[in-house]
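Structural characterization, general
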Amino acid sequence: MEKTWLYISIIASVISIGVAVFLYFWVKRQDPGTEKAQEVASWIREGAQTYLKRLYFALSIVAIILGFIIAIVFSFDLVDVAAGQATIQPMNGIRMAIAFISGAVCSAIAGYMGMGIAVEANVRTATAANESLNKAFKLSFYAGSVMGLAMVGLAVLGMTVIYMLTGSAETVLGFSFGASALALLAKAGGGIYTKTADIAADLVGKVEVGIPEDDPRNPAVVADNVGDNVGDVAGMGADIFDSYVASTVAVMLLAAASSTMDVKYVVLPLILCTLGIAASLIGIQFVRVGKNGKPGPALNFGTVLTTVIFAGMVALLVVLSDINIGILWATLTGLVTGVVIGFTSDYFTSEDRKPVYETARVSGSGAAINIITGFSYGLISIVPSVIGIAVATLLSYYLAEATGLPGIYGIGISAVGMLAISGMIVSADAYGPIVDNARGIAEMAGMDSHVITTTDTLDAAGNTAKAITKGFSISAAALTVLALFAAYTEVVTASGTEISLSLKDPIVVAGVFLGAMTPPLFSALTMLSVTHNAFDMIEEIRRQFREDPGILKGTSKPDYATCVGLAAQGALTSLVMPAFLAVGLPLLIGFLLGPNALGGFLGGSIFTGVIFALLMANSGGLWDNAKKFIETGQFGGPGSDAHKAGVVGDTVGDPFKDTAGPSLNTLITVMSLVSSLFAPLIAAFHLF
């Protein structure tokens, strides 16, 4: 039965990739618009491709170096090393290194495919918006589906093939580490890039000289639109790819390490992912804008429908096979929690709800009141999500235990259930930056005002979709790292070292504090990178305005390329310290303070990482939509004091929601993966 399901997984993943390729060419066959619109789109496309080439070249070097280290370390039988009897098995190291490189390559391909179609779909969406909102929505959503379906297809294909060839869940862990390492750097780098350009363009363009957003006279406007693609499409795609793979591998590891679980429970996470692909393929067909003309409800309907279809498939699987009923309860727990947390994010970030309305209303009193109000709602937004995670943890644990499964396995399954419908979730998420770009192209190409209005409507729904996706990924990451944490303790125990995580042990307490410190430090470093780079770009924009007055008069063309180059250079050189925190710090803690301290370190990082990620994602989305709400003419409209305060609030929220916040769930996942991978070595060699 297990082999049959593995073959079905491969077929489903190939179909998913095939549909993504079909949609890719369908989007490319649509009308690319006027010559001017195509020229603007070409600037964005070239800037995005140039940055990604430089990013992937740098990441290739990192991947090769890490792959070389992994090949050496895993050539030793680490369990024997722990027992003081080292044996060398080069093939083990080579297999793990190949799995690591494969994970990094699949993650990069998913990101590149998503960005490749996004830079083609943006101009076509703007052109379609000239005809109707429905046509523009369909085009942009199908373009987002290219990313969603390619991502889940490549992830399931990679994990299944590696497991079939090696029969080892530990080797699939190498695949996950490769995907996560690349995802962290792609997301953090893309986030720094996009917010550097966005902040600089807004502060000088909107606040200082009073020109509209995406005005072609702004030298940073192309860099801003490039950032939407490299940060919100390629970066976010790699991020979800990482969470999706890590949650699956964590459960496979737990089942493989258990002496009481059948091999079918090792394969079960792949089966759930396969059903999730099928549910997403069906759900995507039903995402349409209704008579009310609002794209937000259409995206939400697609998510809910896909969830229901997936739940039905899992129920059938359990009823028609000998799989424990606890799997169904744990999956449903994860699904319901994911939807609740997602729609909680919707409440705190949608312009139809009180938090955004209230933040926009008080903006007339100045930027300080706007920021305090948005930050406060961001703090409140943590509460339902954390309660949801706590309820999901307890329910999935005890329901699994009650049906004879290990409780921690139930927690892992609930995370897999949450992310199994990633094909649909990522499709909705990638839609956001595409319509954002379409709005920018419409403005820069001088399209009619109704096109701007239509793309604004599409863009507001995209911001909310992004917030919902982040809620899913952060919550799933919290449950995933709990499963990875359990896997870490299993590996250490299997190495012959007894692990104790008592808070009475000062070593453990020291680890907890160091772990709790890491997500805030990571956030600070990435946001400081944004402000430093934005400062340089602001000076460059001012210089161009000062030295060539014809730019603001519209008689001279700005130097877009210099701003694009500044953003790219700044993003790539800012990744060294974040990379060290993710990969180097857990190893330093482990080898220096020992496995107990590393266990405390992981626990501390999970708690603060989840809280900071939720706060930043929701408050950033709230500030952004409050500004957009004012721009619709509310509370004085564009140019009013409320609007100026809204722009400042949005600027503060930009690095929250698009740089630091979405990178934190990847950070805690990478740290957990590194700890699990090197646990046997740390158990054998540590100072304390």
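How each quantity is defined
- Residues numbered from 1 in each chain as written.
- Predicted model: local features only at pLDDT ≥ 70, side-chain atom pairs only at ≥ 80, totals over all residues.
- Heavy atoms only, no water.
- Helix = DSSP H or I, 4+ residues; strand = E, 2+ residues; numbered from the N terminus.
- Rg over C-alpha atoms; globule rule 2.2 N^0.38 Å.
- Buried < 20%, exposed > 50% of the residue type's maximum accessible area, 1.4 Å probe, protein only.
- Contact = heavy atoms within 4.5 Å.
- Areas by Shrake-Rupley, 256 points an atom, 1.4 Å probe, with all protein chains shown as cover.
- Lys, Arg positive; Asp, Glu negative; His and termini not counted.
- Charge placed at Lys NZ, Arg CZ, Asp CG, Glu CD.
- Phe/Tyr/Trp six-rings, centres within 6.5 Å; stacked < 30°, edge-to-face > 60°.
- Axes fitted to C-alpha atoms, helices over the stretch in contact; angles between N-to-C directions.
- Parallel < 35°, antiparallel > 145°, perpendicular 65-115°, else oblique.
- Left-handed = near helix turned anticlockwise from the far one by under 90°.
- Nonpolar A, V, L, I, M, F, W, Y, C, P; charged D, E, K, R; others polar.
- pLDDT = per-residue confidence, 0-100.
- Salt bridge = Lys/Arg side-chain N within 4 Å of Asp/Glu carboxyl O.
- Expected span 1.5 Å × (residues − 1).
- Polar contact = N/O pair within 3.5 Å; in protein donor to acceptor, adjacent residues only side chain to side chain.
- Core = buried A, V, L, I, M, F, W, Y, C linked by side-chain atoms within 4.5 Å.
- Disulfide = S-S within 2.5 Å.
- Patch = residues over 30% accessible without salt bridge, like charges linked within 9 Å, V, L, I, M, F, W, Y side chains within 5 Å.

**Some points on the overall build of the chain**
Secondary structure summary: the chain contains 22 helices and zero strands in total. A globule of 688 residues ought to have a C-alpha radius of gyration of about 26 Å, and the chain, at 24 Å, matches this closely. Each principal axis of the C-alpha atoms in the chain carries an extent, and together these give about 75 × 50 × 45 Å. Every one of the 688 residues in the chain was classed for burial, and the buried ones make up 64%. At a minimum sequence separation of 6, the contacts of the chain that also span at least 24 residues come to 84%. When the accessible surface of the chain is split by element, carbon and sulfur atoms take 66% of a total near 23100 Å². Averaging the coordinates of the 35 positive side-chain charges in the chain and doing the same for the 49 negative ones gives two points 5 Å apart.

**Thoughts on the side chain of threonine 248**
Here threonine 248 lies in helix α7 (residues 221-257). Ignoring sequence-local partners within four residues, the contact set of threonine 248 consists of Met159, Pro269, Leu270, Cys273 and Val416.

**A word on the packing of aromatic side chains**
For the structure shown, the criterion picks out 15 aromatic pairs. Their ring planes at 45° and their centres at 6.4 Å tell us that phenylalanine 141 and tyrosine 142 sit as a pair that is tilted. An aromatic cluster is defined as three or more aromatic residues linked by ring pairs; in this entry it consists of Trp26, Phe137, Phe141, Tyr142 and Tyr431.

**Some thoughts on the packing of helix α2 (residues 35-73) against α7**
Between α2 and α7, the shortest axis-to-axis distance is 9 Å and the interhelical angle comes to 50°. Of the possible angle classes, the one that applies to α2 and α7 is oblique. Crossing hand, α2 versus α7: right-handed. Between α2 and α7, the contacting residues are Trp43, Ile44, Gly47, Ala48, Tyr51 and Leu52 on the first element and Val222, Asn225, Val226, Asn229, Val230 and Ala234 on the second. Residues belonging to the contact of α2 with α7 are distributed by class as follows: nine nonpolar, three polar and no charged.

**A word on the confidence of the model for the chain**
Residue-level pLDDT values for the chain average 85, and 97% of them are 70 or greater. Across the chain, element-level confidence peaks in helix α8 (residues 264-284) with a mean pLDDT of 92 and bottoms out in helix α3 (residues 78-82) with 57.

**Regarding the pattern of salt bridges**
For the structure on display, the rule yields 21 salt bridges. The closest approach of N and O atoms between lysine 657 and aspartate 624, which form a salt bridge, is 3.4 Å. Within this pair, whereas lysine 657 is found in helix α21 (residues 641-677), its partner aspartate 624 is found in helix α20 (residues 595-631), the two being separated by 33 residues in sequence. Residue aspartate 624 is classed as buried on the basis of its relative accessible area, which comes to 5%. One continuous salt-bridge network, built from bridges that share partners, spans Lys195, Asp198, Asp624, Lys627, Lys628, Asp650, Asp654, Lys657 and Asp658.

**Concerning helix α10 (residues 325-349)**
A turn of α-helix holds 3.6 residues, and therefore any two residues three or four places apart point the same way. For α10, which comprises 25 residues, the first-to-last C-alpha distance of 37 Å matches the rise-based estimate of 36 Å (1.5 Å per residue) to within 8%. Burial of α10 is extensive: 18 of the 25 residues sit out of reach of the surface. If you check the start of α10, you find a side-chain oxygen 2.6 Å away from the backbone N of glycine 326, and it comes from asparagine 324.

**Topic: the packing of helix α6 (residues 169-208) against α7**
Direction vectors running N to C along α6 and α7 enclose 155°, while the axes themselves pass 7 Å from each other. Looking at the two axes, α6 sits roughly antiparallel to α7. You can see that α6 and α7 cross each other, and the crossing is left-handed. When grouped by side-chain class, the residues that make up the contact of α6 with α7 number 22 nonpolar, eight polar and eight charged.

**Some points on the nonpolar core**
Counting 223 residues, the largest nonpolar core has Tyr193, Phe241, Leu268 and Tyr409 as the members making the most contacts within it. If sequence neighbours within four positions are ignored, tyrosine 193 has contacts with Tyr51, Ala223, Val226, Gly227, Val230, Val564, Ala567, Ala568 and Ala571. Counting nine residues, the second largest nonpolar core, distinct from the first, contains Val356, Tyr377, Leu622 and Ala642.

**A word on unusual backbone geometry**
Here phenylalanine 635, not a glycine, exhibits a phi torsion of approximately 50°, which is positive. Here phenylalanine 635 is to be found in the loop between α20 and α21. Residue classification places phenylalanine 635 among the partly exposed residues on the basis of a relative accessible area of 29%.

**So, the side chain of aspartate 198**
With respect to the helices, strands and loops of the structure, aspartate 198 is situated in helix α6. When its relative accessible area of 8% is taken as the criterion, aspartate 198 is described as buried. A polar contact is formed between the side chain of aspartate 198 and the side chain of lysine 195, at a distance of 2.8 Å. Not counting residues up to four positions away in its chain, the partners in contact with aspartate 198 are Asp224 and Asp654.

**Points about the environment of valine 647**
Secondary-structure assignment places valine 647 in helix α21. Given the relative accessible area of 2%, valine 647 is considered buried. Remark: the alpha-carbon pair of valine 647 and isoleucine 499, spanning 148 residues in sequence, is separated by 51 Å. Residue contacts for valine 647: discarding those within four places in its chain leaves Lys206, Val207 and Lys627.

**Details of the state of the cysteines**
The tally for this structure, following the rule as stated, stands at zero disulfides. Free of any disulfide, cysteine 273 has its nearest cysteine sulfur in cysteine 106, 14 Å distant.

**What to know about a nonpolar patch on the surface**
Nonpolar side chains collect at one region of the surface, where Phe57, Ile61, Ile65 and Ile69 lie side by side and expose about 390 Å² of accessible area between them. Position of phenylalanine 57 relative to the elements: it lies in helix α2. Overall, the relative accessible area of 58% leaves phenylalanine 57 in the exposed class.

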